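Architecture at a glance
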Amino acid sequence: MTREDSIIELGQWLTTPAGQYLLRWEQDRLDHAVADFFGFHALQVGLPEMDGLRANRMPHRWVATDELVVPELLPVPEPSDSLISTQALPMLSTLHCDPEALPFPEQSLDLVLLPHTLERAVDPHLALAEVARVLRPEGRVVIVGLNPTSAWALRQRAGRMRQGMGLKRSPLFLPPEGEFIGYWRARDWLRLLGFEIEHGQFGCWRLPVQSPTWLERLAWMDRLGEHWWPVLGASYIMVAVKRVPGMRLVGLKRRALKGQRAAAPAVAGRRALKE
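Reference entry: report on the structure contained in this document. Computed from a predicted model, the values in this text were never measured in an experiment. Here the residue numbers are simple positions, counted from 1 along each chain's written sequence. Note on the predicted model: pLDDT of at least 70 is required for a residue's local features to be given, and 80 or more for side-chain atom pairs to be given and counted; whole-chain, interface and lining totals, by contrast, use all residues. Working from all heavy atoms in the structure, the side-chain values ignore hydrogens and water.

We now examine the sheet that holds strand β4 (residues 109-115). Read across the open sheet, the seven strands follow the order β3-β2-β1-β4-β5-β7-β6; overall the sheet is mixed. Each edge of the open sheet carries a strand with a single partner, namely β3 (93-96) and β6 (195-203). Averaged over all pairs of adjacent strands, the angle between strand axes in this sheet comes to 20 degrees, irrespective of strand direction. Sheet analysis places strand β1 (residues 41-45) next to β4, joined by three bridges and oriented parallel. Pairing between strands requires that DSSP locate at least two bridges from one strand to the other. Helix and strand assignments follow DSSP, with helices taken as H or I runs no shorter than four residues and strands as E runs no shorter than two, numbered in order from the N terminus. Axis definition: a line fitted to C-alpha atoms, over the contacting stretch in the case of helices. Angles run 0 to 180 degrees between N-to-C directions.

Okay, structure coming up:
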């Protein structure tokens, strides 16, 4: 299977009942994550079927993909928050490139979104290093991935094991491409690249089934999973900010420090000491 075929298969899988369930949660979390990020330039790398930047208000937004034919957007509900629905730029520009070689100069972007991009990248660590290169100081990266410690991943590994035993007709639950990049693994990579984790969340605790009826019946697992086994969700989202040591303080923070120095107690001068 070629890389292009595997990426297209992921988009097709997201149209299944389980894929739609996953997509609804991820789209909702992305809407709330990127709505309050301000700047001028935002980029989504991979999965052009998802409009992950629809709630963002930056004037310049792109989608980077290595597909020659850009697929149509997947059907998802409208943003649940009325404030998010006020964003004004529904159209995005599409770029053709690899995630390991982004056509942007250093420190030129304010926001980079990676929806299941690391899982399908040829070199996921190099893809993250490329994100660190193009992000400005205090810029943010948002990562969405599949959790390798979930019930979904367990069923996927069991299917691969059956196929390895010669049972070729054993279907896989998830698309066959790529590998799981876990939350803790991605977090360690980000820290090595100088990022600071701002937010992380898991979601989608229902059992790995494709029946719409059973997915509805298992809705109670989402309510319990968020409180009792949060790290076992099928998907996760992570937000990290790029920190640069030795940055010069500007704006309100700098003025606050000046005010503190102005309020410092005065030291007696030479004339006062003589008296």
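Should their charged atoms come close, side chains of opposite charge can pair. The term salt bridge refers to a side-chain nitrogen of Lys or Arg lying within 4 Å of a carboxyl oxygen of Asp or Glu. Taken as a whole and assessed by the stated rule, the structure comprises nine salt bridges. Among the ionic pairs, Arg-136 bridges to Asp-110, the shortest N-O distance being 3.5 Å. Of this pair, Arg-136 sits in strand β5 (residues 135-146) while Asp-110 is found in strand β4, placing the two residues 26 residues apart along the sequence. Buried, partly exposed and exposed residues are distinguished by accessible area as a fraction of the type maximum, computed with a 1.4 Å probe on protein chains only: under 20%, between the cut-offs, and over 50%, respectively. According to the relative accessible area criterion, Asp-110 is buried, its value standing at 15%. Two residues, Glu-198 and Arg-140, come together in a salt bridge whose shortest N-O distance is 2.8 Å. Residue Glu-198 is found in strand β6, and its partner Arg-140 is found in strand β5; the two are separated by 58 residues along the sequence. Relative accessible area serves as the criterion here: at 38%, Glu-198 is assigned to the partly exposed category. For Arg-140, a relative accessible area of 23% puts it in the partly exposed group.

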